[in-house]
Amino acid sequence: MAKIELRVPDLGDDKDVPVIELLVQPGDVVKKDQGLVTLESDKATMEVPASAAGTITELRVKVGDTVSAGDVIAIAEAVAAAGSPAPKLAEPSAGPAKGIGAEAAPAKAPAAAADTGANADVECEVLVLGAGPGGYTAAFRSADLGLDTVLVERYESLGGVCLNVGCIPSKALLHAAEVLVEAKHAAEFGIEFGTPKIDLGKLRGHKDKVVGQMVKGLAGMAKQRKVRTLTGEGRFVSPHELEVRTQEGVKRVRFGQCIIAAGSQPVKLGGFPWDDARVMDSTDALLLTDIPKSLLVVGGGIIGLEMACVYSALGSQVTVVEFMDQLMPGADKDLVKPLADLLKKRGVAVHLGCKVAKVDAKKDGLHATFEGASVPAGTKYDRVLVSVGRAPNGGKLDADKAGVNVTDRGFIPVDKQMRTNVPHIFAIGDLVGQPMLAHKATHEGKLAAEVAAGHKKEWVARVIPSVAYTDPEIAWVGVTETEAKAKGLAVGVAKFPWAASGRAVGIGRTEGFTKLIFDEHTERVIGAGIVGVHAGDLIAELALAIEMGCEASDIGHTIHPHPTLSESVAMAAEIQEGSITDLYLPRKK
């Protein structure tokens, strides 16, 4: 029988993603698309599917290993019917698709339902399903290009998860947390404010006002562009029809082209009493119902750590448990260390290699059962926040009735123009694969709209930056140092400590550093990481540098304003060049 290599499919921009669970063992017979292992990035958990049916003869990974696209997960012996050829090894497609679900697409597209022939309540050239950052960008760009556009959103306001219950409200609360921390820090240089008094109602009001201002702006821009909006839950009826369940009843929309931007939702782990209001996902945590005396955060990724910073600053005793051996899997460990050190200093307990087996809801609190190398001493908490990633909504749209391929995990495979297997239907954002980031979705949305309008374009972004808006912030882009070592890449690593930055010293935030990673053969920057205040604002320069193919000298010879944190980028480049004067470094022999 033929041997088959079962490999990791396209992971979008994610690399070195940890394996957290093995779903098969040698000797198991697996079907095509059956899960082999579970991976956990900083934004989502996902299963790696078998690209072909067969009997597992060898596993090439174990729990705790990290994998990237193309890595071999297992070896299988092909299962073939008598007289039929065994499945061939997977080969790269001529036009590689984006998204985690790309190689996991069903072998045969679902049979589309026939057009109902019923009269439509609404007709349009382009229908956009979902009004998050990717969706409203797609709708607005489509309208700007002269296409009659309808935008369907299940919530009352535009903006999706990011604007209403994600990126924007969390940043408003993180700013409040930063003010509390800075007020306490000010005593070190002679300014004392006394013990802060927190008016939770006003704080919630501030958060809601920020969201409301953004929502109002989107509604106004939709009106200016003559984008029609429908509020309700949309599901496909046929390749050119969508039913929208509104408060006034079901409305039928007939469209020429469609852009699916239905996003994702928080993963709900088993073993937690989700019917108890004290168990929260990220959406619940942003409601800021109260300030619990004790909070357990399950998952040490970006979202969990951001909320840990908020609640810790507000006065909660926070405990963070993470299954892997480091916080924020995906980022280099040295980037995470300054954050981990400050969390410890601020009284946040962090336990790595720890799993929450179950949580029991009792009258006096939520009682957690832990497993692992490092477990918390206490087991009772007032609230528990579960933040272990997000799951795509592709499987909730009846997309099969439109003939659209959807993987068993809810991802929709697309090509470099964001087209699905149905040429007039596009998909963007979280449901096409990692990374699940708003800034990725907006670029994909704009591209899909332009292709729908007849432009000859495709996805060409080389890198997508990631940012954790913790305190301190952590941002990275391109090749990480961990990835470079794992792949044996010949790289130069230049790190400038913020302790040598006049600006950082002046604001009392010297825990950070700026790190650049260069290809030793070309001197071009291929990766970067920054930890420190405003790291998220600084990383954009390095994303552009990678896109433009900049060398160390291009960055180092660009005059940066003084004294700023942005100087650290140029100084890191000067370290690589050997021309740094703001540090004394022994000459390279």
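### Let's talk about the side chain of Glu306
Relative to the helices and strands, Glu306 is located in helix 6 (residues 302–314). Taking the relative accessible area as the measure of exposure, Glu306 reaches 6% and is therefore buried. Residues contacting Glu306, with those up to four places away along its chain left out, are Ser170, Lys171, Leu174, Val467, Ala468, Tyr469 and Thr470.

### Digging into the sheet that holds strand 17 (residues 294–298)
Where strands meet in a sheet, backbone hydrogen bonds hold them as pairs that are either parallel or antiparallel. Reading across from one edge, 16-23-17-18-19 is the order of the five strands in this open sheet, with parallel pairing throughout. The open sheet has two edge strands, strand 16 (279–280) and strand 19 (349–352), and neither has a second partner. When strand 18 (residues 317–322) meets strand 19, the two strands line up parallel, connected through four bridges. From the neighbouring strand, Glu322 faces strand 19, where its bridge partner is Leu352.

### A few points about a nonpolar patch on the surface
A contiguous nonpolar surface patch, about 350 Å² in accessible area, is contributed by Phe189, Ile191 and Phe193. Structurally, the position occupied by Phe193 is in the loop between helix 3 (167–185) and helix 4 (200–224). Accessibility expressed as a relative area gives 60% for Phe193, which makes it exposed.

### Things to note about the packing of aromatic side chains
Scanning the entire structure with this criterion turns up four aromatic pairs. Geometrically, the ring pair formed by Phe236 and Phe255 is edge-to-face, given 6.2 Å between the ring centres and 75 degrees between the ring planes. Of the two residues, Phe236 sits in strand 12 (residues 233–238) while Phe255 sits in strand 14 (residues 249–260), which places them 19 residues apart along the sequence. Neither Phe236 nor Phe255 differs from the other in exposure class; each is buried. When the ring centre of Phe513 is taken as origin, the NZ or CZ atom of Lys495, which lies over that ring, is 4.5 Å away.

### Regarding the pattern of salt bridges
Counted according to the given criterion, the structure contains 36 salt bridges. Between Arg228 and Asp148 there is a salt bridge, with the nearest N and O atoms lying 2.7 Å from each other. Note that Arg228 is positioned in strand 11 (residues 228–231) and Asp148 in the loop between helix 1 (133–144) and strand 10 (149–153), a separation of 80 residues in sequence. The partner of Arg409 in a salt bridge is Asp408, and the shortest N-O contact between them spans 3.1 Å. On the accessibility criterion, Asp408 (56% relative accessible area) is exposed.

### Description of the nonpolar core
With 56 residues, the main nonpolar core has Leu127, Phe236, Ile259 and Ile260 as its most contacted residues. Those elements that provide at least two residues to this core are strand 9 (122–129), helix 1, strand 10, helix 4, strand 13 (241–246), strand 14, strand 25 (425–427) and helix 8 (438–452). Residue contributions to this core peak at six residues, all from strand 9. Those residues in contact with Ile260 that sit more than four places away from it in its chain are Leu129, Phe236, Leu397, Ile412, Ile425, Phe426, Ala427, Ile428 and Leu431. Judged by nonpolar contacts, the second largest core, of 36 residues, contains Leu173, Leu288, Val310 and Ile474.

### Considering the sheet that holds strand 30 (residues 525–532)
One open sheet holds the five strands; their spatial order is 26-27-30-29-28, and the pairing between them is antiparallel. Strands at the two margins of the open sheet, each flanked by one partner only, are strand 26 (466–468) and strand 28 (491–497). With direction set aside, neighbouring strand axes in the sheet form an average angle of 10 degrees. Across six bridges, the pairing between strand 29 (residues 513–519) and strand 30 is antiparallel. Looking at the pairing, Lys515 lines up with Gly529 of strand 30. In the packing of helix 13 (residues 567–577) onto the sheet, the strands contacted are strand 28 and strand 29, and the crossing angle to strand 28 comes to about 135 degrees.

Analysis parameters
- Residues numbered from 1 in each chain as written.
- Predicted model: local features only at pLDDT ≥ 70, side-chain atom pairs only at ≥ 80, totals over all residues.
- Heavy atoms only, no water.
- Helix = DSSP H or I, 4+ residues; strand = E, 2+ residues; numbered from the N terminus.
- Buried < 20%, exposed > 50% of the residue type's maximum accessible area, 1.4 Å probe, protein only.
- Contact = heavy atoms within 4.5 Å.
- Pairing = 2+ DSSP bridges.
- Patch = residues over 30% accessible without salt bridge, like charges linked within 9 Å, V, L, I, M, F, W, Y side chains within 5 Å.
- Areas by Shrake-Rupley, 256 points an atom, 1.4 Å probe, with all protein chains shown as cover.
- Salt bridge = Lys/Arg side-chain N within 4 Å of Asp/Glu carboxyl O.
- Phe/Tyr/Trp six-rings, centres within 6.5 Å; stacked < 30°, edge-to-face > 60°.
- Lys NZ or Arg CZ within 6 Å of the ring centre and 35° of its normal.
- Core = buried A, V, L, I, M, F, W, Y, C linked by side-chain atoms within 4.5 Å.
- Axes fitted to C-alpha atoms, helices over the stretch in contact; angles between N-to-C directions.

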